[in-house]
Amino acid sequence: MSASLPASASPELLAPAGSPTMLRTAFAYGADAVYAGQPRYSLRVRNNAFGDLDALAGAIGEAHGAGRKLYVVSNVLPHNRKVRSYLADMAPVVALEPDALIMADPGLIDMVRETWPDMPVHLSVQANTVNFAAVRFWRKLGIRRIILSRELSLDEVAEIRQECPEMELEVFVHGALCIAYSGRCLLSGYFNHRDPNQGTCTNSCRWDYKVKPADGEAGNALGGACQSGGAGVGGGEWLLEEKERPGELMPIDEDEHGTYIMNSKDLRAVEHVRRLTEIGVDSLKIEGRTKSPYYVARTTQVYRRAIDDAVAGRPFDPRLLGELDGLANRGYTDGFYQRHHEHERQNYLRGHSESGRSLYVGDVIEWNATRSLALIDVKNRVSVGDRLEIIHPSGNRVIALDCMENLAGAEIRVAPGNGHKVWIPLPAELPGAMLARFV
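The notes below deal with the structure included here. (Residues numbered from 1 in each chain as written. Predicted model: local features only at pLDDT ≥ 70, side-chain atom pairs only at ≥ 80, totals over all residues. Heavy atoms only, no water.)

Overview of the pattern of salt bridges
Throughout the structure, instances matching the rule amount to 24 salt bridges. One salt bridge connects Asp317 with Arg305, and the closest N-O pair in it is separated by 4.0 Å. With Asp317 in the loop between helix 9 (293-312) and helix 10 (319-325) and Arg305 in helix 9, the pair connects residues that are 12 residues apart, well separated along the chain. Look at Asp317 and you get buried, because its relative accessible area is 15%. Between Arg319 and Asp317 there is a salt bridge, with its nearest N and O atoms 3.0 Å apart. On the basis of relative accessibility, which here comes to 60%, the residue Arg319 falls in the exposed class. Through salt bridges with shared partners, one network takes in Arg298, Arg305, Asp317, Arg319, Glu323 and Glu389. (Salt bridge = Lys/Arg side-chain N within 4 Å of Asp/Glu carboxyl O. Helix = DSSP H or I, 4+ residues; strand = E, 2+ residues; numbered from the N terminus. Buried < 20%, exposed > 50% of the residue type's maximum accessible area, 1.4 Å probe, protein only.)

Quick look at the nonpolar core
Among the nonpolar cores identified, the biggest contains 90 residues, and Leu70, Leu101, Ile146, Leu148 and Tyr303 are the most heavily contacted of them. Residue contributions to this core peak at 10 residues, all from helix 9. The contact partners of Leu70, leaving out residues within four places of it in the chain, are Leu23, Val34, Leu56, Ala59, Ile60, Ala63, Pro98, Asp99 and Ala100. Among the nonpolar cores identified, the runner-up in size contains 19 residues, and Ala374, Val378, Leu401 and Leu435 belong to it. (Core = buried A, V, L, I, M, F, W, Y, C linked by side-chain atoms within 4.5 Å. Contact = heavy atoms within 4.5 Å.)

Concerning the sheet that holds strand 14 (residues 358-368)
In spatial order, the strands read 18-17-21-14-15-20; together these 6 strands make up an open sheet with antiparallel pairing. What marks the edges here is a single partner per strand, and that holds for strand 18 (397-400) and strand 20 (421-425). Ignoring which end each strand starts from, the neighbouring axes of this sheet average 35 degrees apart. With 5 bridges connecting them, strand 15 (residues 373-378) and strand 20 associate as antiparallel partners. In the strand pairing of strand 20, Asp377 is matched with Lys421. Along the sheet, helix 9 makes contact with strand 14, strand 17 (387-391) and strand 21 (434-438), crossing strand 21 at roughly 80 degrees. (Pairing = 2+ DSSP bridges. Axes fitted to C-alpha atoms, helices over the stretch in contact; angles between N-to-C directions.)

See the structure below:
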């Protein structure tokens, strides 16, 4: 067993909050802080419940009441119109006393520093900070914390920590990756005029593409033809066609590494938590403000355990990998933390979500103490005979589902999916529990 680290070495676990429910879930499963943003000035317009100032005020109040933190994301890369309205719109937000603003644009940062010099500012990953000189530059401008680019290796993060011991550092450890430098992508704006850098990304890199030869013959699904940089496809010019835009054919430009209109595997760096903790990174961040409460529960619980194990000197538990496999994902990579991964780290072969070890099946919404039954709001198919994992802040449990009743009390064997509510036996009253089915 490795030596334990001092308690002060424990990094903050920072989870996403696209809604009050996600915020409460994150805190219940071990997050030290959450980040949320108003749609107009953050890069998440959709699935964002904090456009209403009262909702944001309530979220900040809940966080502070629980002894946790809430950072407001304000990392838009604005055009002139938003610059002119920014200070007036942000004044009531700053008055709510969030723990920091997460920002990317130098002009907006300068305005905030002049107007509210006591407001802590964290530099967004959108600013693409990849070296210690840039960290020093931002410190001179009064930045409290740097969220480092995802394109850095563990050794590079360690070097920045050594060169800049006075600066707080934050890194991403889980979530979607962009085929762009720290998310500065233009595909969505090019295809349907929804600018990712204004918060309206449509994830164009993850659409369903086909490869077609210029002579008009049928092509393969994107990935099969391009995985080897064009080898095996017969040479000549090849065109790209997106499923929802038939007839709009785009030529593919490639170099020796392949073509770049593709999606990445998702980041999963739980196996690197101990190294990041030893380096002295201040905050480990989970991506996913548009994801589900189940995603937040699973990822927060897993990374909480990984951090606690690292601080206590316990070895890495490989079962944590399997628990994350149970989330919908596009395959996993540890990104750039370990160089140099080859093309197998790019998601060429599968561009749709896939589930691994377990599948989310529903939530506990009521408890019948007399019969020791829980009412389940079913989200995905569940059947008698399934092996279920009960996911709860108090600890997880595994049960075999031996019987199930519908709302009328009649025994059934299958709940086919969303829209059904069923009663199942649980070993205890577990408010807020979520259920997953092993597959």
